[in-house]
Amino acid sequence: MVSNYDLIVIGGGINGLGIAGQAAAAGLSVLIVEKGDWGGGTTATSSRLIHGGLRYLQYGELALVRESLRERGHLVRRRPHLIRPIELLIPAYDGAEPPRWKVAIGLRLYDLLARDPLFPSPRLLNAGEVLSREPALSPEGLQGGALYPDAQVEFPERLCIELLRESLEQGAEAWNHHRVIRLLWEQGRVVGCQVRDELTGAERAVSARMVVNAAGPWVDAVNRLLPKPPPRLIGGTWGTHVVLPARPGGPRGPLYASARKDGRPFFILPWDGRLLVGTTDVKFEGDPDQVRSQAWETDYLLEEINRLFPACEYADADVQMTTVGVRPLPASKRPAGAVTRRHFLVDHGARHGLPGLGSVVGGKLTTYRSLSEQVVTWVLRKLERPPAPADSSEEDGPTSGLLERATTDAAKCGISVPTAERWTRLYGPRYTEILQLVRADAELRRPLREGRDTVEAEVVHAVRNERARTVDDIARRRLMLLPPAPTDVEAIRGVAKRYGLALG
């Protein structure tokens, strides 16, 4: 063994990073390992919402909705530069499910469970009010609709990077592009893992008193690395989104609608100046690394948005990007949409005679913090440590006036207003770290390429301060160039080479 930790966390998505950060803050020595890049799996293929889960009410999941709504309020207050309140419109059509009366009851209950002054109460609209908000919406059979509040995290990848930074500042170690190739078993317990650097091929063994498997849809694949693995835990479903250009004859704001074809709910969300439309929900039992979106899914989503907004006439050629990921849901015989979205911690010592190992099943963006608290409480109990103090923080530093400060600071260094605005969206108060790079080297204020608000300093910052190791890490999950153009990729390579940054 070359290293010894209190805790090894396997999986660098939103849940794994949340667990690592809270464990480090509780005084544990922590290592988190991720086979790809931080937030590059299920987190990056989500609907990018911090939501209470309105549709979970129809399955009686009141506790999950209550927890989600509580966490929604906390996160909007804690990270306002990344997460913002939105209002979603639910159009109601003749014969469509769910009927308007059922939506009204659900929204009333949703509001009672939330009890949060930050979010307005839901309200019902008549057909004229719906069309005044969405003039291009099809009026045929329109009865009216409803508005209800939730929140959007435009770039959950950036939320993951913030959690990574906070974990490192608390003393954790973090290795991305490190795949677990073996779980180590000694004297009747799990004692660590063997990992391989996917970029260099180097292998090393690391030991720990506890191991938490937070690999999302890969939980079972990790557990199979034991000599006698536990039973299957994950019965995931895959979901696909498409990204489309915004059009004058299209939606103005977020919508939550039911598909005419099968009644499944889906979202139409303004996102990054475009539209994010999805998602599908299909049972999946294969290798999550091999999942690919299907042509029928694109056809399905295009048909549904064109039904609601006939003037759009979206076609395959309009699809700028698709995302597809596997939800790490518990194994279940229920239909895909009915599988619970609650999270579980499986104590393999108590349930399967595999002490030293716990697995996280389920979990979503909204509840990563409460999930992390549950897991860290369990780890501390197993290690016979005192419980961690409750997190009572509400805001992530001085965010009021952030844009004004950033614009003023950037102007002094010759940085444009659009670039300063972008910095506040992606980096929040940490924009000053990029500003320091520009002050030290004026060449770094140059745009990455013509027409981009991104500057070269952001490439240097991604590698020096945000643990990026590949061009893809930088483009997709630090600078948020989605999708990155070939000219973006070449520009990033040029900056990296010029400044001698090791990208592997």
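Higher on the page you've got the structure.
An account of the accompanying structure is given in this report. (Residues numbered from 1 in each chain as written. Predicted model: local features only at pLDDT ≥ 70, side-chain atom pairs only at ≥ 80, totals over all residues. Heavy atoms only, no water.)

## Some points on the overall build of the protein chain
And step 1. Along the protein chain, the regular secondary structure elements total 15 helices and 18 strands.
And step 2. Relative to the compact-globule value of 23 Å for 504 residues, the protein chain shows a C-alpha radius of gyration of 23 Å, a close match.
And step 3. For the protein chain, the spread of C-alpha atoms along the three principal axes comes to 70 × 60 × 45 Å.
And step 4. Among the 504 residues that make up the protein chain, the fraction classed as buried is 58%.
And step 5. Restricting the contact set of the protein chain to residue pairs at least 6 apart, pairs at least 24 apart contribute 72%. (Helix = DSSP H or I, 4+ residues; strand = E, 2+ residues; numbered from the N terminus. Rg over C-alpha atoms; globule rule 2.2 N^0.38 Å. Buried < 20%, exposed > 50% of the residue type's maximum accessible area, 1.4 Å probe, protein only. Contact = heavy atoms within 4.5 Å.)

## A short note on the environment of Ala23
And step 1. Mapped onto the fold, Ala23 is located in helix H1 (residues 14-25).
And step 2. When the C-alpha atoms of Ala23 and Glu71 are compared, they prove to be 19 Å apart, with 48 residues separating the residues in sequence.
And step 3. Non-local contacts of Ala23, meaning those with residues more than four positions away in its chain, are made with Leu7, Leu28, Val30 and Val376.

## Observations concerning helix H9 (residues 368-382)
And step 1. Look at H9: 21 Å from first C-alpha to last across 15 residues, which is about the 21 Å you get at 1.5 Å a residue.
And step 2. Glu384 sits one or two positions beyond H9 and adopts a positive phi of about 60 degrees. (Expected span 1.5 Å × (residues − 1).)

## Description of the packing of aromatic side chains
And step 1. Tallying each qualifying case throughout the model produces six aromatic pairs.
And step 2. The rings of Tyr110, Tyr148, Tyr256 and Phe267 are connected pair by pair, giving a single aromatic cluster.
And step 3. Note that Lys35 overlies the ring of Trp218, its terminal NZ or CZ placed 4.4 Å from the centroid. (Phe/Tyr/Trp six-rings, centres within 6.5 Å; stacked < 30°, edge-to-face > 60°. Lys NZ or Arg CZ within 6 Å of the ring centre and 35° of its normal.)

## Quick word on the layout of surface pockets
And step 1. Counted as a void, the second largest pocket has a volume near 970 Å³.
And step 2. Lining the second largest pocket are 42 residues, and of these Glu97, Pro98, Pro99, Val103 and Ser258 lie nearest its centre.
And step 3. Mapped onto the lining of the second largest pocket, the elements with two or more residues apiece are strand E4 (83-93), helix H3 (100-114), strand E6 (142-153), strand E12 (255-258) and helix H7 (295-308).
And step 4. A total of seven residues in the lining of the second largest pocket trace back to one element, the largest contributor, which is H3. (1 Å grid on protein atoms, 1.4 Å probe; cavity = no way out; pocket = protein on both sides within 12 Å on 5 of 7 lines; lining within 4 Å. Points joined across faces, edges and corners; volume = space filled by probe spheres on them.)

## Focus: the nonpolar core
And step 1. In terms of nonpolar packing, the biggest core is built from 59 residues, with Leu54, Tyr148, Trp423, Leu448, Ile474, Leu479 and Ile492 touching the most fellow members.
And step 2. Residue contacts for Leu54: discarding those within four places in its chain leaves Ile90, Gly106, Leu107, Tyr110, Tyr148 and Tyr256. (Core = buried A, V, L, I, M, F, W, Y, C linked by side-chain atoms within 4.5 Å.)

## A closer look at a nonpolar patch on the surface
And step 1. Residues Leu62, Leu109 and Leu112 make up a contiguous nonpolar surface patch of about 200 Å² in total accessible area.
And step 2. You can see Leu109 is positioned in helix H3. (Patch = residues over 30% accessible without salt bridge, like charges linked within 9 Å, V, L, I, M, F, W, Y side chains within 5 Å. Areas by Shrake-Rupley, 256 points an atom, 1.4 Å probe, with all protein chains shown as cover. Salt bridge = Lys/Arg side-chain N within 4 Å of Asp/Glu carboxyl O.)

## With respect to the packing of helix H12 (residues 431-440) against helix H13 (residues 456-465)
And step 1. Closest axis-to-axis distance for the H12/H13 pair is 9 Å, and the angle between their directions is 115 degrees. Seen from above, H12 lies across H13 with right-handed handedness. Contacts between H12 and H13 involve Glu433, Ile434, Leu437 and Val438 from the former and Ala457, Glu458, Val460, His461, Arg464 and Asn465 from the latter.
And step 2. Along the lines of polarity and charge, the residues of the contact of H12 with H13 split into five nonpolar, two polar and three charged. (Axes fitted to C-alpha atoms, helices over the stretch in contact; angles between N-to-C directions. Left-handed = near helix turned anticlockwise from the far one by under 90°. Nonpolar A, V, L, I, M, F, W, Y, C, P; charged D, E, K, R; others polar.)

## Considerations on the pattern of salt bridges
And step 1. Taken as a whole and assessed by the stated rule, the structure comprises 41 salt bridges.
And step 2. Note that Arg342 and Glu61 form a salt bridge whose closest N and O atoms lie 3.0 Å from each other. Within this pair, whereas Arg342 is found in the loop between strand E16 (321-327) and strand E17 (344-347), its partner Glu61 is found in the loop between strand E3 (49-50) and helix H2 (62-78), the two being separated by 281 residues in sequence.
And step 3. Classification of Arg342 by relative accessible area gives partly exposed; the value is 38%.
And step 4. Two residues, Arg72 and Asp150, come together in a salt bridge whose shortest N-O distance is 3.0 Å.

## A look at helix H11 (residues 417-427)
And step 1. Listing the buried residues of H11 in full gives Thr419, Ala420, Arg422, Trp423, Thr424, Leu426 and Tyr427.
And step 2. Elements in contact with the buried residues of H11: helix H5 (156-169), helix H10 (402-412), H12 and H13.

## Topic: the side chain of Arg264
And step 1. Looking at the element boundaries, Arg264 is found in the loop between E12 and strand E13 (265-271).
And step 2. We classify Arg264 as buried; its relative accessible area is 15%.
And step 3. A distance of 2.9 Å separates a polar atom in the side chain of Arg264 from the backbone oxygen of Thr279.
And step 4. Excluding its chain neighbours within four sequence positions, the residues that come into contact with Arg264 are Arg55, Ala257, Ser258, Ala259, Thr279, Thr280, Asp281, Tyr300, Arg327 and Arg341. (Polar contact = N/O pair within 3.5 Å; in protein donor to acceptor, adjacent residues only side chain to side chain.)

## Quick word on the side chain of Glu456
And step 1. For Glu456, the location among the structural elements is in helix H13.
And step 2. On the accessibility criterion, Glu456 (7% relative accessible area) is buried.
And step 3. Sequence-distant contacts of Glu456, that is, excluding residues within four places in its chain, are made with Glu443, Leu444, Arg446, Pro447, Leu448, Val495 and Arg498.

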